[in-house]
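# Architecture and fold: a report
The lines below spell out each chain.
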Amino acid sequence: WGPRAYHGSISFAGRLWVIGGGDWDSRYAHSDVWSTVDGVDWMRHADAPWSARIWHGCVVANGRILVIGGRKFQPWTRTVSDIWQSRDGSVWTRVRLPLNPGPRHAAYVVSDGRVVWLMGGSRDGSLYDDCWRLG
């Protein structure tokens with residue numbers, strides 16, 4: 001994978017993952033997914049069906065990778081609210097929740113392996129001071 005900023009990084013299934021991200025100037029984003037077991041040899045997985053994004057939340061819960069929100073650029077710049085999951089980093093499905101924290105990027109996301117907590121973040125100039133329990 002090429003140089004990038006604002007990507008997601010997680011440890012999952014004995015591998016280190018780099019998910020999405022973009023350039024330092026926040027003009028380009030990716031939806032690519034990479035993983036490695038040794039930090040040297042990287043495997044590119046199929047590009048994810050979610051829109052290319054930066055500042056998204058990445059976390060592992062219940063045996064799956066979650067990608068939460070973020071900021072996309074094409075066709076225009078905007079913060080998104082979608083949540084995606086994968087059990088292998090290659091096949092992704094969209095998660096529909098009864099309650100959704102709404103569009104946000106740069107939120108702090110953490111999990112105890114079962115429950116996901118999403119805290120704060122931003123949306124188009126607005127900062128949030130809320131906390132959501134997802135799952």
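Residues numbered from 1 in each chain as written. Predicted model: local features only at pLDDT ≥ 70, side-chain atom pairs only at ≥ 80, totals over all residues. Heavy atoms only, no water.

Side chains of Tyr 108, Val 110 and Trp 117 sit close together on the surface and give an oily, nonpolar patch of about 290 Å² of accessible area. Checked against the element boundaries, Tyr 108 lands in strand β9 (residues 108-111). Residue Tyr 108 is classed as exposed on the basis of its relative accessible area, which comes to 54%. (Patch = residues over 30% accessible without salt bridge, like charges linked within 9 Å, V, L, I, M, F, W, Y side chains within 5 Å. Areas by Shrake-Rupley, 256 points an atom, 1.4 Å probe, with all protein chains shown as cover. Salt bridge = Lys/Arg side-chain N within 4 Å of Asp/Glu carboxyl O. Helix = DSSP H or I, 4+ residues; strand = E, 2+ residues; numbered from the N terminus. Buried < 20%, exposed > 50% of the residue type's maximum accessible area, 1.4 Å probe, protein only.)

With that settled, the discussion passes to the nonpolar core. Nonpolar side chains tend toward joint burial in soluble globular proteins. Counting twelve residues, the largest nonpolar core consists of Ile 10, Phe 12, Trp 17, Ile 19, Val 33, Ala 48, Trp 50, Cys 58, Ile 65, Val 67, Trp 84 and Trp 92. Looking at this core, the elements with two or more residues in it are β1 (8-12), β2 (15-22) and β6 (64-72). Discounting chain neighbours no more than four positions away, the residues touching Trp 50 are Ile 19, Gly 20, His 30, Ser 31, Val 33, Val 67, Asp 82, Trp 84 and Trp 92. Listed in part, the ten residues of the second largest apolar core include Ala 61, Val 109, Val 116 and Leu 134. (Core = buried A, V, L, I, M, F, W, Y, C linked by side-chain atoms within 4.5 Å. Contact = heavy atoms within 4.5 Å.)

What follows covers the sheet that holds strand β13 (residues 131-134). Pairing is antiparallel across the open sheet formed by three strands, whose spatial order is β9-β10-β13. In this open sheet, the two edge strands, each paired with only one partner strand, are β9 and β13. The mean inter-strand angle of the sheet, taken between neighbouring strand axes irrespective of direction, is 20°. Two strands pair when backbone bridges link them, and strand β10 (residues 116-119) and β13 are joined in this way by four bridges, in the antiparallel orientation. Across the sheet, residue Leu 118 finds its bridge partner in β13, namely Trp 132. (Pairing = 2+ DSSP bridges. Axes fitted to C-alpha atoms, helices over the stretch in contact; angles between N-to-C directions.)

On to the sheet that holds strand β8 (residues 92-95). Ordered by their spatial adjacency, four strands build an open sheet running β5-β6-β7-β8, and the pairing between neighbours is antiparallel. Because the sheet does not close on itself, it has two edges, and the strands there are β5 (57-61) and β8. Averaged over all pairs of adjacent strands, the angle between their axes in this sheet comes to 30°, without regard to strand direction. With four bridges joining them, strand β7 (residues 78-86) and β8 adopt antiparallel strand pairing. Each bridged residue has a counterpart across the sheet, and for Ser 86 the counterpart in β8 is Trp 92.

Before going further, it helps to spend a moment on the packing of aromatic side chains. For the coordinates displayed, the defined rule picks out five aromatic pairs. On the basis of an interplanar angle of 15° and a centroid distance of 5.9 Å, the ring pair of Tyr 6 and Trp 24 is categorised as stacked. Residue Tyr 6 is found in the segment before β1, and its partner Trp 24 is found in the loop between β2 and β3 (29-36); the two are separated by 18 residues along the sequence. By relative accessible area, which is 24% here, Tyr 6 ends up partly exposed. The interplanar angle of 90° and the centroid separation of 5.8 Å between the aromatic rings of Trp 50 and Trp 92 together place this pair among those described as edge-to-face. Within this pair, whereas Trp 50 is found in the loop between β4 (42-45) and β5, its partner Trp 92 is found in strand β8, the two being separated by 42 residues in sequence. Among the aromatic residues, ring-to-ring pairing joins Tyr 6, Trp 24 and Trp 55 into one connected group. Between Arg 104 and the ring centre of Tyr 128, over which it is positioned, the NZ or CZ distance is 4.2 Å. (Phe/Tyr/Trp six-rings, centres within 6.5 Å; stacked < 30°, edge-to-face > 60°. Lys NZ or Arg CZ within 6 Å of the ring centre and 35° of its normal.)

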